Structure formats: C-alpha cells, structure tokens
Amino acid sequence: MGPLVWGAVTQQPRPYKCPAGRLSINEVVKGGGILAEEKDRLQPRTLWAFGSAPRFYPSSVTNSQETEMKFIIGIGGVTNGGKTTLTNKLLKTFPNCCVVHQDDFFKKPDQIDVGEDGFRQWDVISALDMEAMVSTVKGWQENPVKFARSHGVSLSSDADGEAVHLLIVEGFLIYNYKPLIDIYDKCFYISIPYEECKRRRSTRTYTVPDPPGLFDGHVWPMYLKHRKEMESNCDRIEYVDGTTTKEDIYNKVYESVQNSLLNQS
Ligand SMILES: Nc1ncnc2c1ncn2[C@@H]1O[C@H](COP(=O)(O)OP(=O)(O)OP(=O)(O)O)[C@@H](O)[C@H]1O
Ligand SMILES: NC(=O)c1ccc[n+]([C@@H]2O[C@H](CO)[C@@H](O)[C@H]2O)c1
C-alpha cells in the first residue's frame, strides 16, 4: 500500500490516498493534506498552522467499506482552446487515469451532412457517434481496472484495492448530449476569444482540412450556439480562461480536482 495523505481538517475528515512521488509536500498542503511520512517529521506547531485543531485519519480506515472510488472529469471547451494540452498534462500527473476523447468518435467524412451553406457539418452532435462514446464511458464505469489495462494505462500497485480511478472526458461538445451531462464529478470549460481561436485554428490540420470560410461560416457560429445551450443545461461548469499560460491552466484545474478528491474520499 502506498503512503497515505493525512488531511488537516477544517470541515469533515476526508483524506485522499495517493501514490508516492506524485505530489510534493507543498502541493499536498495546498490541496488540504500532508503525506503521512512528512507528518511525522513536522513539528506539532506546523501541523496546527494548516487548519484549526487538525485530526488525522488514514484513508485505509475511512475507506474500509468502500474499496474503490471513481471520479469523472469533463474537459470541454471551444475548438483549439487547449483541451488536449491540458488533458495530456493531467494524464501525466494522476495515476490510474484514463481518457475518452470525443474527437475519436467523429463519423467518417462521407457520413457528415453537407448543410445549405455548402459546408460539411462537423461541429454538430450528429457528426459524432455519441452512442459509441457513451458505451465507452460506461465500459470504464463498469470496470476501470479492465478499461485501463486494455488502454495501456499503468495502474498504481494497489489499484485493485482502494485506489482512486479517474476518467477524463475531453471534447468540444461534451456538455451538449443529455446522456453524458450527469456523469461528471467536475466540469471544466476552456474558452478563448474569437480572434485567438481563429488564429490557432488556422495553424491546425484535421484529418479533413478546413475549407476556406469554414471557421466563420460554421465553426464559430456553432460554438456560440452550443455554448448557449450548454449554459442553460448545466450549472456546475468551472470556466477556464484559455488565454492564460498552459502552466496556469493546468495548476488551476489540478488544484480544483485535488480539492474535490480530498472532499469526496
Ligand atoms: N494556454 C495556451 N496558450 C497558448 N497556446 C495554447 C495554450 N493551450 C494550448 N495552446 C495551443 O493551442 C493549440 C490547440 O491546443 P489543443 O490541441 O490542446 O486544443 P483543443 O482544445 O484540444 O483543440 P481541438 O478540440 O480543436 O482538437 C495548440 O497549438 C496548442 O499548443
Ligand atoms: N477529427 C476529425 O476527424 C475532424 C475533421 C474535421 C473537423 N474537425 C474539427 O474538430 C473540431 C473538434 O475538435 C471541430 O471544430 C471540427 O470542425 C475534426
């Protein structure tokens, strides 16, 4: 069993167990807890500084009934907002962390409708095989260990026992499909302004390259429409400014996830 994270408790004791080497002492303290072996080296005064009257509970005790925790993170947002960049950084940090990319569920080009505007309608939900995407997510929910193994995701040594299993669902329309809306434990949404989005998109080549005028004629108007729809469907979104640095975005999201994990375990 890996070392435990001991929480300095302000509300309820909810420690989160994480594998060695993943978090520095400062990161853990920022997230509301400290590693067990660090706790023994710290002076009582230092411990008190982390919260009023701290109590320490090992997760092996609090989790004795529940051997596994599953947690789904949604990373949505505008095209080229930085969703994949953020997702890849999170995947490198969190153990037992799998991903489902919505872009992997695009239908074949000849199955994408051509609109009255003459453009292939890539930026609508019907361009995606959403049923297949939902069953992939369900596959993870049913058996995250099996899912991780079959997707080449390495598991921490005790992943069969009390581990926390994370799934990142990443994509531009992840909050616009009813069967997915309630699956998320955390909902992030990255946005960038029109000019920046157009600039970044112009440097990208998709499997089917954008024809001239697609961005202004289809991509951006669909983004505005879907964003409005999402705002009325989902009130738990944490908005992320995609014009800040990659590092800042990662730190903000990481900290928010870490805090939720501490509160849920
Ligand atoms: N915070 C950032 N600041 C500046 N550039 C960024 C930032 N994050 C990502 N980028 C750049 O923007 C481009 C798009 O990033 P990324 O592929 O992560 O976006 P995406 O939201 O996954 O896009 P899509 O869904 O269209 O595939 C890349 O060139 C990436 O390096
Ligand atoms: N991945 C693809 O096959 C593909 C093809 C054509 C366009 N796109 C664009 O991907 C973005 C979502 O990530 C959307 O804005 C699509 O236009 C993707």
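Keep in mind that what you see is a predicted model, and the values were worked out from it rather than measured.

**Considerations on the site of ligand 1**
- Close to ligand 1 lie 18 residues; Lys-83, Thr-84, Thr-85, Arg-204 and Tyr-206 are nearest.
- Contacts to ligand 1 include Thr-79, whose side-chain N or O atom sits 2.9 Å from an oxygen atom.
- For ligand 1, an oxygen atom lies 2.8 Å from a polar atom in the side chain of Lys-83.
- Looking at the shell around ligand 1, the elements with two or more residues in it are α5 (83-93) and α11 (246-264).

**Side note on the pattern of salt bridges**
- Applying the stated criterion across every chain, the model contains eight salt bridges.
- The partner of Lys-198 in a salt bridge is Asp-216, with the nearest N and O atoms 2.6 Å apart. With Lys-198 in helix α9 (residues 194-202) and Asp-216 in helix α10 (residues 214-233), the pair connects residues that are 18 residues apart, well separated along the chain.
- Overall, Lys-198 belongs to the partly exposed group, its relative accessible area being 31%.
- Taking the relative accessible area as the measure of exposure, Asp-216 reaches 39% and is therefore partly exposed.

**Let's talk about the site of ligand 2**
- Thr-79, Asp-103, Phe-106, Trp-122, Asp-123, Phe-172, Arg-201, Tyr-206, Thr-207 and Val-208 make up every residue found near ligand 2.
- Here an oxygen atom of ligand 2 sits 2.7 Å away from a polar atom, N or O, in the side chain of Asp-103.
- Residue Thr-207 places a side-chain N or O atom 2.7 Å away from an oxygen atom belonging to ligand 2.
- Across the shell around ligand 2, the residue classes break down as five nonpolar, two polar and three charged.

**Some thoughts on unusual backbone geometry**
- Notably, Asn-80 is not glycine yet its phi reads approximately 65°, a positive angle.
- Relative to the assigned elements, Asn-80 resides in the loop between β3 (69-77) and α5.
- Phi is positive for Asn-96, close to 55°, though the residue is something other than glycine.
- Locating Asn-96 in the fold gives a position in the loop between α5 and β4 (97-101).
- By relative accessible area, which is 3% here, Asn-96 ends up buried.

**Side note on the environment of Thr-136**
- Looking at the secondary structure, you find Thr-136 in helix α6 (residues 130-142).
- Its relative accessible area of 23% is what places Thr-136 among the partly exposed residues.
- Through-space distance from the C-alpha of Thr-136 to that of Met-222 is 25 Å; in sequence the pair is 86 residues apart.
- Setting aside residues no more than four positions away along its own chain, Thr-136 makes contact with Val-100, Phe-105 and Phe-147.
- Looking at Thr-136, its side chain comes within polar contact range of the main-chain oxygen of Ala-132, at 2.9 Å.

**Considerations on the nonpolar core**
- Within the largest apolar cluster, 37 residues are counted, with the highest numbers of intra-cluster contacts made by Val-169, Leu-180 and Tyr-184.
- Looking at this core, the elements with two or more residues in it are β4, α6, α7 (144-150), β5 (164-171), β6 (186-191) and α10.
- The greatest single-element share of this core, amounting to six residues, is contributed by α10.
- If sequence neighbours within four positions are ignored, Tyr-184 has contacts with Ile-72, Ile-73, Gly-74, Val-169, Ile-174, Tyr-175 and Arg-236.

**Digging into the packing of α5 against α11**
- Here α5 crosses α11 at 55°, and the two axes come no closer than 10 Å. The orientation of α5 relative to α11 falls into the category oblique. Between α5 and α11 lies a crossing of right-handed hand. Where α5 abuts α11, its residues Thr-85, Leu-86, Lys-89, Leu-90 and Thr-93 lie against Lys-246, Glu-247, Ile-249, Tyr-250, Val-253 and Tyr-254.
- A per-class count over the contact of α5 with α11 returns six nonpolar, two polar and three charged.

**Re the packing of α9 against α10**
- Two elements in contact, α9 and α10, have axes separated by 12 Å at closest approach and are oriented at 115°. Like other packed secondary-structure pairs, α9 and α10 cross with a definite hand, here right-handed. Across the interface between the two elements, Tyr-194, Cys-197, Lys-198 and Arg-201 from α9 touch Leu-214, Phe-215, Asp-216, Val-219 and Trp-220 from α10.
- The residue inventory of the contact of α9 with α10, partitioned by class, reads six nonpolar, no polar and three charged.

Calculation notes
- Residues numbered from 1 in each chain as written.
- Chains lettered and ligands numbered in written order.
- Predicted model: local features only at pLDDT ≥ 70, side-chain atom pairs only at ≥ 80, totals over all residues.
- Heavy atoms only, no water.
- Near = heavy atom within 4 Å.
- Polar contact = N/O pair within 3.5 Å; in protein donor to acceptor, adjacent residues only side chain to side chain.
- Helix = DSSP H or I, 4+ residues; strand = E, 2+ residues; numbered from the N terminus.
- Salt bridge = Lys/Arg side-chain N within 4 Å of Asp/Glu carboxyl O.
- Buried < 20%, exposed > 50% of the residue type's maximum accessible area, 1.4 Å probe, protein only.
- Nonpolar A, V, L, I, M, F, W, Y, C, P; charged D, E, K, R; others polar.
- Contact = heavy atoms within 4.5 Å.
- Core = buried A, V, L, I, M, F, W, Y, C linked by side-chain atoms within 4.5 Å.
- Axes fitted to C-alpha atoms, helices over the stretch in contact; angles between N-to-C directions.
- Parallel < 35°, antiparallel > 145°, perpendicular 65-115°, else oblique.
- Left-handed = near helix turned anticlockwise from the far one by under 90°.

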